[in-house]
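# Overview (structure and organization)
Residues per chain, in single letters:
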Amino acid sequence: KMKYLFCLLIPIGITLLIIGIKHTLRFVNAKILYEMPCINREGVFTLAVEGRYSLWLSGRLFTRSPIGKFGLNLINQQTGRYIPLSENLLRTTVSGVKTGRIKLYTFHAEEGTYVISLRGEGSGIDRLGAAFMDVISKQPVDYSRFSIQVREQIPEFVLILCIFGIIFGSMATMSGIILPI
């Protein structure tokens with residue numbers, strides 16, 4: 001009789017697995033609202049809805065990154081007010097085969113038009129990493145291979161829950177298949 005109870009783990013596990021994969025893909029494929037090549041140094045974009053957004057550095061993998069070589073400013077074009085950017089303690093990265101991206105900052109913004117610009121220096125930790133890379137590699141940064149992206153912000157805890165959902169879903173499915181035997 002316990003055999004049938006273990007079989008219930010299969011649909012529960014498959015459901016958790018599907019939900020986890022679906023939300024993980026939503027996290028990875030967050031909508032790009034604006035993309036500015038780093039060689040432009042400044043760009044203007046419009047946000048249609050008030051909310052939380054994130055700034056990502058995107059570019060080719062296995063090339064020298066410009067992290068630490070610049071900082072970012074975000075200004076509301078109508079009010080001239082600087083928008084505070086929150087630095088991420090643990091940076092999220094998404095990598096494909098040839099390209100990848102890393103989350104640099106998050107911010108809250110009202111609907112409106114904004115000016116994003118690259119300024120002189122990055123944060124202290126980023127400058128330290130850049131100095132370390134300068135010692136290792138004398139190759140200059142090719143800014144034409146990188147861009148700054150503005151994306152909708154999806155909280156990291158959603159990704160963590162999705163990963164646990166995938167793990168528990170696959171474990172429940174496998175347990176439902178193996179234990180009744």
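Rules and cut-offs
The residue numbering used here restarts from 1 in each chain and proceeds along that chain's sequence as written. Owing to the predicted nature of the model, reporting of local features is limited to residues with pLDDT of at least 70; listing and counting of side-chain atom pairs is limited to 80 or more, with chain, interface and lining totals taken over all residues. To get the side-chain values, all heavy atoms of the structure are used, and hydrogens and water are removed first. Under the DSSP-based scheme used, a helix requires at least four consecutive residues in state H or I and a strand at least two consecutive residues in state E, with every element numbered from the N terminus. Throughout, radius of gyration means the C-alpha value; the globule benchmark is 2.2 Å times the number of residues raised to the power 0.38. Note on exposure labels: buried denotes an accessible area under 20% of the residue type's maximum, exposed denotes more than 50%, and partly exposed covers the range between, all computed with a 1.4 Å probe on protein chains only. Here a cavity is any set of points on a 1 Å grid over the protein atoms alone where a 1.4 Å probe fits but cannot get out, and a pocket is any open set with protein on both sides within 12 Å along at least 5 of 7 lines; a residue lines the site when it has an atom within 4 Å of a point. Grid points are joined across faces, edges and corners, and a volume is the space filled by probe spheres set on the points. In this count, Pro and Cys sit with the nonpolar residues alongside Ala, Val, Leu, Ile, Met, Phe, Trp and Tyr, while Asp, Glu, Lys and Arg are called charged and the others, Gly among them, polar. Under the rule applied, a polar contact is a pair of N or O atoms within 3.5 Å (in protein, one hydrogen donor and one hydrogen acceptor; residues adjacent in sequence only if both atoms are side-chain atoms). We call two residues contacting when some pair of their heavy atoms lies within 4.5 Å. Patches here: salt-bridge-free residues with over 30% relative accessible area, like charges joined within 9 Å, nonpolar side chains (Val, Leu, Ile, Met, Phe, Trp, Tyr) joined within 5 Å. Only the protein chains shown count as covering a residue, and every accessible area follows the Shrake-Rupley method with a 1.4 Å probe. Any carboxyl oxygen of Asp or Glu that lies within 4 Å of a side-chain nitrogen of Lys or Arg is treated as forming a salt bridge with it. Working definition: a ring pair exists when centres of Phe, Tyr or Trp rings (six-membered ring for Trp) sit within 6.5 Å. Plane angles under 30 degrees give stacked, over 60 give edge-to-face, the rest tilted. Criterion for a charge above a ring: Lys NZ or Arg CZ within 6 Å of the ring centre, and within 35 degrees of the ring normal.

Along the backbone of the protein chain there are 4 helices and 9 strands. Along the protein chain, from the amino end to the carboxyl end, the secondary structure elements read α-α-β-β-β-β-β-β-β-β-α-β-α. Taken over C-alpha atoms, the radius of gyration comes to 21 Å for the protein chain, far larger than the 16 Å a tight globule of 181 residues would show. With the C-alpha coordinates aligned to their principal axes, the bounding extent of the protein chain is approximately 70 × 45 × 25 Å. A total of 181 residues make up the protein chain; the buried ones form 38% of that total.

Estimated volume of the largest pocket: approximately 220 Å³. Only strand E3 (51-60), strand E6 (93-95) and strand E7 (99-109) provide two or more residues apiece to the lining of the largest pocket. In terms of residue count, E3 provides more of the lining of the largest pocket than any other element does, 4 residues in total. Considering only residue class, the lining of the largest pocket consists of 7 nonpolar, 7 polar and 2 charged.

Turning our eyes to something else, we now look at empty space enclosed by the protein. Scanning the entire structure with this criterion turns up 2 cavities of 30 Å³ or more. The wall of the second largest cavity is formed by Phe27, Ala30, Ser54, Trp56, Arg101, Lys103, Glu152, Gln153 and Ile154. For the lining of the second largest cavity, the elements supplying multiple residues, two or more each, are E3 and E7. A breakdown of the residues in the lining of the second largest cavity according to their chemical character gives 4 nonpolar, 2 polar and 3 charged.

On to the side chain of Thr106, then. Within the element layout of this structure, Thr106 appears in strand E7. Within the local environment of Thr106, its side chain forms a polar contact with the side chain of Arg52, the two groups lying 3.1 Å apart. Apart from the residues lying within four places of it in its own chain, the contact partners of Thr106 are Arg52, Tyr53, Ser54, Pro84, Leu85, Ser86, Asn88 and Gln153.

With that out of the way, let us pick up unusual backbone geometry. Phi is positive for Arg41, which is not a glycine, with a value near 70°. When you line up the elements, Arg41 lands in the loop between strand E1 (32-37) and strand E2 (42-47). What makes Arg41 partly exposed here is its relative accessible area of 37%.

To continue, consider a nonpolar patch on the surface. On the surface, a cluster of nonpolar side chains totalling about 1,000 Å² of accessible area is made up of Met2, Leu5, Leu8, Ile12, Leu16, Ile160, Ile163, Phe164, Ile167, Phe168 and Met171. Sorting the residues of the nonpolar patch by element identifies helix H1 (2-7), helix H2 (9-28) and helix H4 (156-178) as the ones contributing at least two each. Topologically, Met171 is positioned in helix H4.

With respect to the secondary-structure elements, Thr113 resides in strand E8 (residues 112-119). Note on Thr113: relative accessible area 15%, which makes it buried. Not counting the four nearest positions on each side in its chain, Thr113 is found in contact with Val44, Phe45, Thr46, Ile75, Asn76, Gln77 and Gln78.

Attention shifts here to the packing of aromatic side chains. All chains considered together, the criterion is met by 4 aromatic pairs. Their ring planes at 25° and their centres at 6.0 Å tell us that Phe45 and Tyr114 sit as a pair that is stacked. In this pair, Phe45 is assigned in strand E2 and Tyr114 in strand E8, connecting sequence segments 69 residues apart. Take Tyr114: its relative accessible area is 1%, and that puts it in the buried class. Here the aromatic residues Tyr34, Phe45 and Tyr114 are joined through ring pairs into a cluster of three or more. Lying across the ring of Trp56, Arg101 places its NZ or CZ 4.6 Å from the centre.

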